[in-house]
Structure formats: C-alpha cells, structure tokens
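# A look at the structure
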Amino acid sequence: MKHITCIEDLRELHRRRVPKAFFDYADRGSYAEATLRANREDLQQIKFRQRVLVDVSKRDLTTAILGEPAAMPLILAPVGLLGMQHGDGEIHACRAAQAAGIPFTQSTMSICSIEDIAAAVDKPFWFQLYVMKDRGFIKSLIERAIAAKCSALVLTVDLQVNGQRHADIKNGMTVPPEWSVSKLLDFASKPAWVAGVLRGKRRTFGNLIGHLKGSDDVTVLSTWIASQFDTTLSWKDIDWIRSIWPGKLILKGILDVEDAELAAKSGAQALVVSNHGGRQLDGAPSSIEVLPEIVDAVGARIEIMFDSGIRSGQDVMRALALGAKSCMIGRAYAYGLGAGGQAGVAKAIDLIAKELTTTMGLCGVNTVAEIDDSVVAV
Ligand code: GLV
C-alpha cells in the first residue's frame with residue numbers, strides 16, 4: 001500500500017481487483033447521477049482560509065460521537081454487500097474501524113451476519129436497519145442487534161423505494177449475488193478476489209437468509225427491494241422501533257429542514273444529512289448544500305452527522321466547518337476494502353486522518369472543537 005497516496009488510488013485498485021458488477025454497485029449512483037456529481041462538486045467549491053504563524057503543534061483529532069470517545073470525527077457508513085468486495089468484508093472493515101478508534105456500521109444488506117461480526121470483533125459496532133414488510137422479522141433483527149450488543153441503531157429513512165442504478169441492471173446485479181456464466185470471464189481475470197470470496201464464510205445476505213421469505217431466490221436487486229421493503233414506513237413507526245430498541249437511534253437520510261424538525265422531535269439522538277451518496281433521489285441537492293440550514297434549524301437539539309461525497313480529510317473539514325459533528329464515509333472505505341481488505345480500509349481511514357490533521361494545521365486549528373465556519377472563506 002506504500003504508493004497509495006489518496007482515496008482515488010484505492011478506487012483505481014478496487015476497480016482493477018474486483019468484478020465490475022460489484023465495483024459498479026459501490027461506485028455508481030442513480031439515474032443521470034446528477035446528485036452523485038453535485039455531492040463532490042459542491043464540497044470542492046468550499047475554500048479554506050489559509051492561516052499562518054499560528055502554533056499548530058498540538059493538533060488532535062479526538063472527539064466524541066454520540067457521547068462516546070472517538071479517535072476522529074469519522075464513521076464507517078453502512079454499505080451493502082461488503083462481503084462481495086472482499087471475502088468476509090464486513091469483518092475486515094469492522095476490525096479496521098475498531099483498530100482506528102472509530103465506529104463501524106453494519107448494513108442490513110451485509111454478507112456476514114450480525115452474529116458473524118460480533119463473534120469476530122472485541123468491541124460493539126453499530127447496526128443499520130432497513131424496515132421490510134415482514135415486521136416480525138424486523139423485530140427479530142433488532143433483537144439480534146441487541147443480543148450482539150450493538151451500540152447504536154442507524155435507521156435508513158431514504159430507501160423505501162429504490163432509485164434505479166442503471167449500472168446494476170446492465171451488470172445483472174442480482175440478490176443473492178449470482179455466479180452466472182456471463183460473469184465467469186470477469187471473475188477469471190480476478191483470481192485473488194475469487195479466492196478471497198470463496199474463503200469467506202458466506203456468499204449471500206447473512207442477516208436475511210433463512211429468516212426472510214424470498215431471500216434465497218435469485219432476483220435483480222432492485223426488484224427484490226421493491227418486493228421486500230415496506231413503503232408504508234412513516235414517522236409513527238419510529239415509536240414502534242423505539243419500543244423494541246432501547247439504545248441510541250440515528251436517522252440516516254435527512255435532506256430537508258422540515259424532516260430535520262420531525263427527526264429532532266422523534267426521540268432519535270442523531271440524524272445523518274445524506275442523499276445516500278447520490279444513489280437515491282437523482283436531482284436532490286447535494287448533502288453539503290443543505291447542511292447549514294439543517295444545522296441552523298435543529299443543530300442545538302440533535303447531533304448532526306454528515307454523509308455523501310466525503311473522499312478526503314479536506315472534505316471532513318468542510319463538513320465540520322459547516323456544522324456537522326462527524327462524517328460518514330461509504331465509498332471511500334469500500335474502495336479500500338476492494339483494494340486490499342482490512343489493510344485497505346485501514347489505509348483509507350489513515351489517509352483521511354492525515355489529510356484532516358494537515359488541513360487543520362494549514363488553517364491554524366488544533367482541535368476538532370475549534371473547526372467552525374471561521375476556517376472557510378465565504
Ligand atoms: C443500499 O443501501 C444501497 O445503496 O445499495
């Protein structure tokens with residue numbers, strides 16, 4: 001990993017090492033990908049104020065996330081199918097996060113099950129929930145997360161209907177992932193990936209298989225989501241979830257001030273400003289565009305996390321400057337996982353940490369608490 005100097009290098013290695021269907025699943029966005037691009041472009045528009053001759057010898061990335069100490073204001077977001085980017089990918093990503101002192105969020109749509117990860121790591125991780133039509137199953141999934149001592153529940157609220165990702169359809173992205181003849185040529189050129197995935201515990205959705213009807217038939221991902229996800233989900237269901245889940249609750253996928261107000265009243269401890277990495281409502285604003293107004297409206301009442309578009313420590317600094325308390329990364333670490341398993345995820349986290357500490361130094365800031373809108377030029 002010594003010539004890897006930025007997340008883009010990990011992305012390129014991921015692209016070369018992992019079959020196209022899985023790389024594209026992580027990399028691409030929905031429809032015309034306008035929101036996917038806006039996330040990046042709008043972050044890059046934000047310019048820093050360079051400050052000089054300030055003592056920056058005591059730079060410190062430590063912070064608190066939901067009241068728990070964290071080594072830096074960074075969280076690994078829930079990402080589906082990590083075990084298809086690298087065998088046992090969820091376990092590798094969780095271990096890398098825990099070694100770095102930051103939270104890892106396991107996706108409902110993981111290859112490893114909650115129990116697989118719990119047995120493989122020492123510390124608690126977060127669990128992300130999708131609510132499906134079979135509420136009995138969802139209750140049991142939350143109870144499994146409680147039994148595994150997960151330390152926060154991240155309820156994703158922006159994917160009850162699935163924004164179409166053209167690439168997934170063109171690539172025949174199926175669930176469970178299908179080892180079809182058409183994919184064999186691609187697989188044959190990626191022997192290390194094949195060996196790793198074959199060594200992994202599972203090759204299908206570990207949390208769902210055997211529990212949820214239809215989870216063992218092969219269907220195109222979007223068709224399967226359309227048949228399983230509960231489109232009746234509404235704010236009143238948050239109370240039902242809170243009646244089962246006693247711990248910290250995070251609502252992920254808030255992009256509008258009115259929804260942020262409802263989130264602040266919902267009893268959740270945090271909300272994540274997110275457009276699902278440009279994978280859902282194409283034409284929605286970038287997450288960074290709406291962050292300041294959401295912070296203004298509810299930042300004093302609920303912890304605000306930021307997601308969608310972060311590829312560097314500079315981007316983390318930008319989101320913190322505009323009022324987020326911490327940032328989630330998805331693709332940035334998925335690229336690392338595809339590029340090199342646990343070491344690749346560790347590299348992604350380390351790159352972002354080093355970029356953040358350098359950016360703080362060049363902006364004349366020593367602590368995370370000092371990062372506010374005074375570090376950016378308006
Ligand atoms: C699932 O969360 C996805 O974005 O594919």
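I will try to describe carefully the structure that is included in this document. Computed from a predicted structure; not experimentally measured.

### A look at the site of the ligand
Residues in close proximity to the ligand include Tyr25, Tyr130, Leu159, Arg165, His276 and Arg279, which together make up its full environment. Taking tyrosine 25, its side chain carries an N or O atom lying 2.7 Å from an oxygen atom of the ligand. Measuring from an oxygen atom of the ligand, one finds a side-chain N or O atom of arginine 279 at 2.7 Å. Bound to the protein, the ligand loses 89% of the 190 Å² it would expose on its own.

### Focus on the pattern of salt bridges
Taken as a whole and judged by the stated rule, the model has 17 salt bridges. Measuring nitrogen to oxygen at the nearest pair gives 3.2 Å for the salt bridge that ties arginine 135 to aspartate 237. Pair noted here: arginine 135 is in helix H7 (residues 135-147) and aspartate 237 is in helix H12 (residues 236-244), with a separation of 102 residues, a long-range link. A relative accessible area of 10% means that aspartate 237 is categorised as buried.

### Let's talk about H7
With 13 residues, H7 should cover 18 Å at 1.5 Å per step; its first-to-last C-alpha distance of 18 Å lies within 8% of that length. When we look at burial in H7, the residues that qualify are Phe137, Ile138, Leu141, Ile142, Arg144 and Ala145. The buried residues of H7 all sit within an arc of 155 degrees when viewed along its axis, so they share a single face. Elements that come into contact with the buried residues of H7 comprise helix H6 (114-120), strand S5 (126-129) and H12. One or two residues past the end of H7 sits lysine 149, with phi positive at roughly 65 degrees.

### As for the pairing of S5
Residues Trp126 and Gln128 of S5 are buried on one face, and the alternating residues Phe127 and Leu129, pointing to the opposite face, are buried as well. Pairing analysis gives two bridges linking strand S4 (residues 105-106) to S5, with the strands arranged parallel. In the sheet register, threonine 105 faces S5, and the bridge partner there is tryptophan 126. Regarding the hand of the β-α-β motif, the stretch spanning S4, H6 and S5 is right-handed. Here four bridges tie S5 to strand S6 (residues 152-156), and the two strands are oriented parallel to one another. Within S6, the position partnered with leucine 129 by the bridge is leucine 155. Handedness of the β-α-β unit built from S5, H7 and S6 comes out right-handed.

Conventions we followed
Residue positions are counted from 1 within each chain, in the order its sequence is given. Only residues with pLDDT of at least 70 are given local features in this predicted model, and only at 80 or more are side-chain atom pairs given and counted; all residues enter the totals for whole chains, interfaces and linings. Only hydrogens and water are removed before side-chain values are computed, so all heavy atoms of the structure are retained for them. In this text, near means that some heavy atom of the residue lies within 4 Å of the molecule or strand in question. In protein, a polar contact requires one atom able to donate a hydrogen and another able to accept it; more generally it is a pair of N or O atoms within 3.5 Å, and residues adjacent in sequence count only if both atoms are side-chain atoms. For accessible areas, the Shrake-Rupley method is used with a probe of radius 1.4 Å. Any residue's cover is judged against the shown protein chains and nothing else. Any carboxyl oxygen of Asp or Glu that lies within 4 Å of a side-chain nitrogen of Lys or Arg is treated as forming a salt bridge with it. The way it works is that DSSP assigns letters per residue, a run of H or I at least four long becomes a helix, a run of E at least two long becomes a strand, and they are numbered from the N terminus. For every residue, the accessible area (1.4 Å probe, protein chains only) is compared with the maximum for its type, and the residue is labelled buried under 20%, exposed over 50%, or partly exposed between those bounds. Expected span of a helix: the number of residues minus one, times 1.5 Å. Throughout, the arc means the angular range of directions from the helix axis out to the C-beta atoms. Residue contacts follow a heavy-atom distance rule, with two residues in contact if any of their heavy atoms lie within 4.5 Å. In short, DSSP must find at least two bridges between two strands for them to pair. Place the viewer so that the strands point away; then a crossover is right-handed whenever the path from the first strand over the helix to the second strand goes clockwise.

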